[in-house]
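Chains, contacts and geometry: an overview
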Amino acid sequence: MSSFILYPAIDIRNGKCVRLLQGDYNQETVYGDSPLDMAKSWEEQGGEFIHLVDLDGAKAGHPVNVDIIGSIAAGVNVPVQVGGGLRTLEDVEKLLALGVSRVIIGTAAINDREFTETVLAKYGDKVAIGIDARNGYVATHGWLNTSEVLATDLAKELASKGAETFIYTDISRDGMMQGPNVEGILAMAQASGKSVIASGGVTVQDDLLRLSAHKNSGIGGAIVGKALYTGNIKLAEALAALK
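Quick notes on the rules
Residues numbered from 1 in each chain as written. Predicted model: local features only at pLDDT ≥ 70, side-chain atom pairs only at ≥ 80, totals over all residues. Heavy atoms only, no water. UniProt positions renumbered as here; feature names shortened; annotations may be inferred. Helix = DSSP H or I, 4+ residues; strand = E, 2+ residues; numbered from the N terminus. Rg over C-alpha atoms; globule rule 2.2 N^0.38 Å. Buried < 20%, exposed > 50% of the residue type's maximum accessible area, 1.4 Å probe, protein only. Areas by Shrake-Rupley, 256 points an atom, 1.4 Å probe, with all protein chains shown as cover. Lys, Arg positive; Asp, Glu negative; His and termini not counted. Charge placed at Lys NZ, Arg CZ, Asp CG, Glu CD. Pairing = 2+ DSSP bridges.

The record in UniProt for the chain states the following under Sequence similarities (unreviewed entry): "Belongs to the HisA/HisF family." According to its UniProt record, the chain has this under Subcellular location (unreviewed entry): "Cytoplasm".

Shown next as structure tokens:
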């Protein structure tokens, strides 16, 4: 039986815990001053794996909130995965040295194939490939640009280079509380033959149950952000329902 993991998301900007609407830096809601306290809270409620995004890092092209990420990795007893601006081997190694369990390569997966293949060859299952798509095509640079590469093609190619885990975001669903694009996520799992974590659009507990119904078809989990912060989804209840 394949497992399905719920990943509470913590997006860090200017040292605070925030959410952006569809990745728009001008549409920000601050949910807490301490990302570490938030991470501990998710762990206390039963969270098994924390998802962190360094929003400043995504914009800068290198990790920015390194001290906070390190404090979270050291301060909780569950694994942590981190994305946002990872473009060099040094940056990846810096985060792994802090105790981060998995790093997420996003924009670089399409813009710097050599770097991506090097990281996959060296760290394999400690790397997740974050593929953000708009109408099925890969978007990069914090969603500012849309490429001419199909998300499923990129997944297939990188799976052949050693990628074991993908995180798939349908930008049109992110933060809009409209439910996930289950078909798109399944298409990614089928194309890659690997585990795909759903991101964006999970609004109510039923969305998680719909996704977890496909855990044997490659949907390995879901990242939940806004719905947890608004109380639409209660973490402990959702985890119990998924058991």
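Moving on, there is more to tell.
Along the chain, the regular secondary structure elements total 11 helices and 12 strands. Taking 2.2 N^0.38 as the reference for a compact globule, 243 residues should give roughly 18 Å; the C-alpha atoms of the chain span a radius of gyration of 16 Å, in line with that estimate. The principal-axis extent of the C-alpha atoms belonging to the chain is close to 40 × 35 × 35 Å. Within the span of the chain, comprising 243 residues, buried residues form 55% of the whole. Accessible surface for the chain amounts to roughly 10100 Å². Of this, 46% is attributable to carbon and sulfur atoms. For the chain, the distance from the average site of its 21 positive side-chain charges to the average site of its 29 negative ones is 2 Å.

It is worth spelling out the UniProt feature "active site" (unreviewed entry) in the chain at this point. Taken from the UniProt record, the annotation "active site" (unreviewed entry) applies to D11 and D132. Take D11: it is sitting in strand 1 (residues 5-13). If you trace the backbone, D132 turns up in strand 7 (residues 127-134).

Take the pairing of strand 10 (residues 165-170) next. Buried residues dominate strand 10, accounting for 6 of its 6 residues. What you see with strand 10 is no split at all: T165, I167 and T169 on one side and F166, Y168 and D170 on the other are buried throughout. Inspection of the sheet shows strand 7 paired to strand 10 by 6 bridges, in the parallel sense. Across the sheet, residue D132 finds its bridge partner in strand 10, namely T169. In the sheet, strand 10 pairs with strand 11 (residues 195-199) via 5 bridges, with the strands oriented parallel. In the sheet register, T165 faces strand 11, and the bridge partner there is S195.

A positive phi angle, near 50°, is found at N14, a position not held by glycine. Tracing the sequence through the fold places N14 in the loop between strand 1 and strand 2 (16-21). With a relative accessible area of 59%, N14 lands in the exposed category. With phi around 55°, N135 is a residue other than glycine that occupies positive phi space. One can find N135 in the loop between strand 7 and strand 8 (137-140). Note on N135: relative accessible area 71%, which makes it exposed.

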